[in-house]
Amino acid sequence: MGERLLLRGNEVIAEAAIRAGCQCYFAYPITPQAELLQHMAVNMPRLGRTFVQAESELAAINMVYGAASAGVRTMTSSSSPGISLKQEGISYLAGSSLPAVIVNIVRGGPGLGDIAPSQCDYFQATKGGGHGDYHMIVLGPSTVPEAGQLTMLAFELADRYCTPVMLLADGMLGQMMEPVELPKPIEIGSLPKKEWATDGAKGRDPNIVLSFDLDPEVLKQMNLILQKRYRQIEAKEVRYEETATGDADIAIVAYGTVARIAKTVVKMARAEGIKLGLFRPITLWPFPSQALRKLSEKIAMVLTVEMSAGQMWEDVRLAIAEQAETPFYGEMGGVIPTPQRILSEVKKHAG
Amino acid sequence: MPVDVQDMQKIFARPDSLTDAKSTYCPGCHHGILTRIIAQTIDELGIAERTVGIAPVGCAVFAYRWYRCDAIQAAHGRASAVATGVKRADPNLIVFSYQGDGDFASIGTAESIHAANRGENITVIFVNNQVYGMTGGEMAPTSLVGQKTTTTPQGRDPKLFGYPIRFSEMIAQLEAPVYVTRQALYDTKHIKEATKAIKKAFTNQVEKKGYSLVEVLAACPTNWKMKPIDANIHIAKVVKKTYQLGDLVNRG
């Protein structure tokens, strides 16, 4: 059993990263993820690990690139505008098959936007974001304790698939305090040695980390290796949660903070005799398309609710096609949808 | 008189740390000399098994092919940040970045200055040939006043494009760096001096003294549109006037 503490989401993510064996953390200050950086500044040096406040988001992600190459567990965190700046580095991490964890505590956009919670970076996180044919595993926690659990999982998946993994949370999750049972720390020494790491060519041939080849046929092969890995991830790592879908006539699809609000909406609807269920993607990439498709075969309407103009909605419609009605309700700019408003949208579309 | 091979003595050989991968550099380019000096230094210090080289974007993008040690190919301008990440992950590794003037002194300005300012215990080799070689001879931040490039066909006009940036002098203003020097490779004397400087820059790191920067004035006969010999003379007679040789910081 771990300790039970009252902590902010940002602190839980930081603490979970430490417990997952993160040895090097590099970041640049930005709201609303500042507590994450501050927690690492206090605790990483105390444990003899590396904390560097980088001069920029670009520098931070490239320090991650270096540390990941050297074979240690490493992380950076930021919020939307900062994550945009990191995209070049994320593309290089993906291209070079390097494991790393990137946390995005999403705020309102585009541009400087605001510092209120938003889900407007879904496209950027799940569709590539930087240049080139790549994906990251994207995990969307819905509560503070889950943010901790998924941070631990992010490090595991990054190492297992040699890929960058993003924890996509919003400002609400970052700032909210909840009782949390922290996971047990892993034993860093027990992690398998990374045979490909650039940690000194002692008794072996040199290792090279790169995302580059000028021969199109060779680069094609490098791309095919990535694509093969993405198909494996799609086959094995899809995660989602269904709430009250067993007898549901209609369902909401939502992730993160909105899914949490939607759970309240399910209760409110059921109290009024509306058989409403909730489908919550936990992995945003790979998106749980098959499970959602299956659910849509037995219900008439799937309402997507997001704090965006309808980004995940595209994946919902791709999954469901013509199987069910797929209306959308979204808020933007940091406005959080209320349960009452979501319920009225449910009623409107349920007819 | 034909000499029997068995009677010959080997007095000059390829350093162990230099691979026999095909060079991609042009005839008369100084990158080749510099690459050899670095490999020789790695041999002399016996550090090949714990050295990690960071290759830039530019003509030296293939640098990872030429050293018999671990290597990483970095994003354009970010080599000093990548070097920071490696060194912080394992301070016992010997980490060097090899960066051109566009990489180090233009697109990587922030990463270059701040790695130096943190006093990262790394070695940076900064190759200043006053031009973007790989992309086709465009103006570099280091291009001389009046220098004709493919993006300054009338010559670099400081009113429009600024002056050649003396990046090593900027780094030398910082408190943390232990060694900042500018060297050249246009004749044997200077090759010997540059070799000493590079050995010092690596030795500083081995001895955990801190950040060392060796700027090297290099020839680019192809993009300068000169014969190799004239390119060497150009460095000695012209380039050196803007970029004076010698140590700027030596706290070793």
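Residues numbered from 1 in each chain as written. Chains lettered and ligands numbered in written order. Predicted model: local features only at pLDDT ≥ 70, side-chain atom pairs only at ≥ 80, totals over all residues. Heavy atoms only, no water.

### Comments concerning the sheet that holds strand β7 (residues 164-170) of chain A
All names here are of chain A. Convention followed: Strand pairing is assigned whenever DSSP identifies at least 2 bridges connecting the two strands. Strands are runs of DSSP state E lasting at least 2 residues, helices are runs of H or I lasting at least 4, and numbering of each runs from the N terminus. Every axis in this analysis is a line fitted to C-alpha atoms, fitted for helices over the stretch in contact. Angles between the N-to-C directions lie between 0 and 180 degrees. By definition in these notes, contact holds between two residues if any of their heavy atoms fall within 4.5 Å.
The strand order across the open sheet built from seven strands is β3-β2-β4-β5-β7-β6-β13, with neighbouring strands paired in mixed fashion. At either margin of the open sheet sits one strand with a lone partner, and together these are β3 (50-53) and β13 (283-285). When the angles between neighbouring strand axes are averaged without regard to direction, this sheet yields 20°. Alignment of strand β6 (residues 137-139) against β13, held across two bridges, turns out to be antiparallel. The residue of β13 that forms the bridge with Leu139 is Thr283. Together, β2 (24-27), β3, β4 (74-78) and β5 (100-106) form the strand contacts of helix α3 (residues 57-69), whose direction differs from that of β4 by roughly 165°.

### Some thoughts on the domain arrangement of chain A
Residue and element names in this part refer to chain A. Using the following cut-off: The start and end points of each domain follow an automatic or database-based domain assignment. Accessible-area loss on putting two parts together, using a 1.4 Å probe and summing over both, is the definition of buried area adopted here. For salt bridges, the criterion is a side-chain nitrogen of Lys or Arg within 4 Å of an Asp or Glu carboxyl oxygen. Two N or O atoms count as a polar contact when they lie within 3.5 Å, although within protein this holds only if one can serve as hydrogen donor and the other as acceptor, and sequence-adjacent residues are included solely when both atoms are side-chain atoms. Residues are grouped as follows: Ala, Val, Leu, Ile, Met, Phe, Trp, Tyr, Cys and Pro are nonpolar; Asp, Glu, Lys and Arg are charged; every other residue, Gly included, is polar.
For chain A, the domain assignment lists domain 1 (4-236) and domain 2 (240-350). Once you take the C-alpha centre of each, domain 1 and domain 2 turn out to be 28 Å apart. Between domain 1 and domain 2, the contact holds 32 residues from the first and 25 residues from the second. Both faces considered, domain 1 and domain 2 share a buried interface measuring about 2400 Å² in area, 54% of it formed by carbon and sulfur atoms. Applying the counting rule to domain 1 against domain 2 returns three salt bridges. For the salt bridge of Arg280 with Glu146, the shortest nitrogen-to-oxygen distance reads 2.9 Å. Viewed at the interface, domain 2 and domain 1 are joined by 16 residue pairs in polar contact (both at pLDDT 80 or more). Secondary structure elements with two or more residues in the side of domain 1 that touches domain 2: α5 (122-126), β6, α6 (144-161), β7, α7 (171-175) and α8 (216-236). Tallied by class, the residues present in the side of domain 1 that touches domain 2 amount to 18 nonpolar, seven polar and seven charged.

### Structural notes on unusual backbone geometry
A cis geometry characterises the amide bond from Thr31(A) onward to Pro32(A), with omega recorded as 5°. By the element assignment, Pro32(A) lies in the loop between β2 and α2 (34-46). The step from Trp285(A) to Pro286(A) runs through a cis peptide bond, and the omega angle for that step is 0°. Its location among the elements puts Pro286(A) in the loop between β13 and α10 (289-296). Within the chain, Ala321(A) stands out as a residue other than glycine whose phi angle is a positive 50°. For Ala321(A), the position within the fold is in the loop between α11 (312-320) and β15 (328-330). Here the phi dihedral of Gln130(B) falls at roughly 60°; this positive angle occurs in a residue that is not glycine.

### Notes on the pattern of salt bridges
All names here are of chain A. Formally: Whether a residue is buried, partly exposed or exposed follows from its accessible area with a 1.4 Å probe, protein chains only, as a fraction of its type maximum: under 20%, in between, or over 50%, in that order.
Evaluated as defined, the whole model comprises 32 salt bridges over all chains. One salt bridge in this structure joins Arg19 and Glu15, with 3.1 Å as the shortest N-O distance. One end of the pair, Arg19, and the other, Glu15, are both in helix α1 (residues 9-19), four residues apart, so they sit about a helical turn from each other. Residue Glu15 is classed as buried on the basis of its relative accessible area of 13%.

### Looking at the packing of aromatic side chains
For any pair of aromatic rings, geometry is given as the distance between the ring centres together with the angle between the planes. In plain terms, the rule: For Phe, Tyr and Trp, rings pair up if their centres lie within 6.5 Å, where Trp contributes its six-membered ring, and each pair is then called stacked (planes under 30 degrees apart), edge-to-face (over 60) or tilted (otherwise). In our convention, an over-ring charge means Lys NZ or Arg CZ found within 6 Å of a ring centre and within 35 degrees of that ring's normal.
For the coordinates displayed, the defined rule picks out 14 aromatic pairs over all chains. Aromatic side chains Phe212(A) and Phe62(B) sit 5.4 Å apart centroid to centroid with 45° between the ring planes, which places their arrangement in the tilted category. Residue Phe212(A) is found in the loop between β9 (208-209) and α8, and its partner Phe62(B) is found in the loop between β1 (51-55) and β2 (70-73); the two belong to separate chains. Using a relative accessible area of 19% as the deciding quantity, one classes Phe212(A) as buried. Judged by relative accessible area, which is 7%, Phe62(B) ranks as buried. Members of the aromatic cluster, joined through ring pairs, are Phe212(A), Phe62(B) and Tyr64(B). Positioned above the aromatic ring of Trp313(A) is the side chain of Arg317(A), whose terminal nitrogen or guanidinium carbon lies 3.7 Å from the ring centre. The positively charged end of Lys200(B) is found above the aromatic ring belonging to Tyr179(B), 5.4 Å away from the centroid.

### Quick word on the pairing of β1(B)
All names here are of chain B. With five of five residues buried, β1 is to be regarded as a mostly interior element. Of the two faces of β1, the one carrying Thr51, Gly53 and Ala55 and the one carrying Val52 and Ile54 are both buried. Alignment of β1 against strand β3 (residues 94-100), held across four bridges, turns out to be parallel. Along β3, the bridge assignment pairs Ile54 with Ser97. Sheet topology note: the β1/β2 ladder contains four bridges and is parallel. Pairing of Ala55 across the sheet is with Gln73, part of β2.

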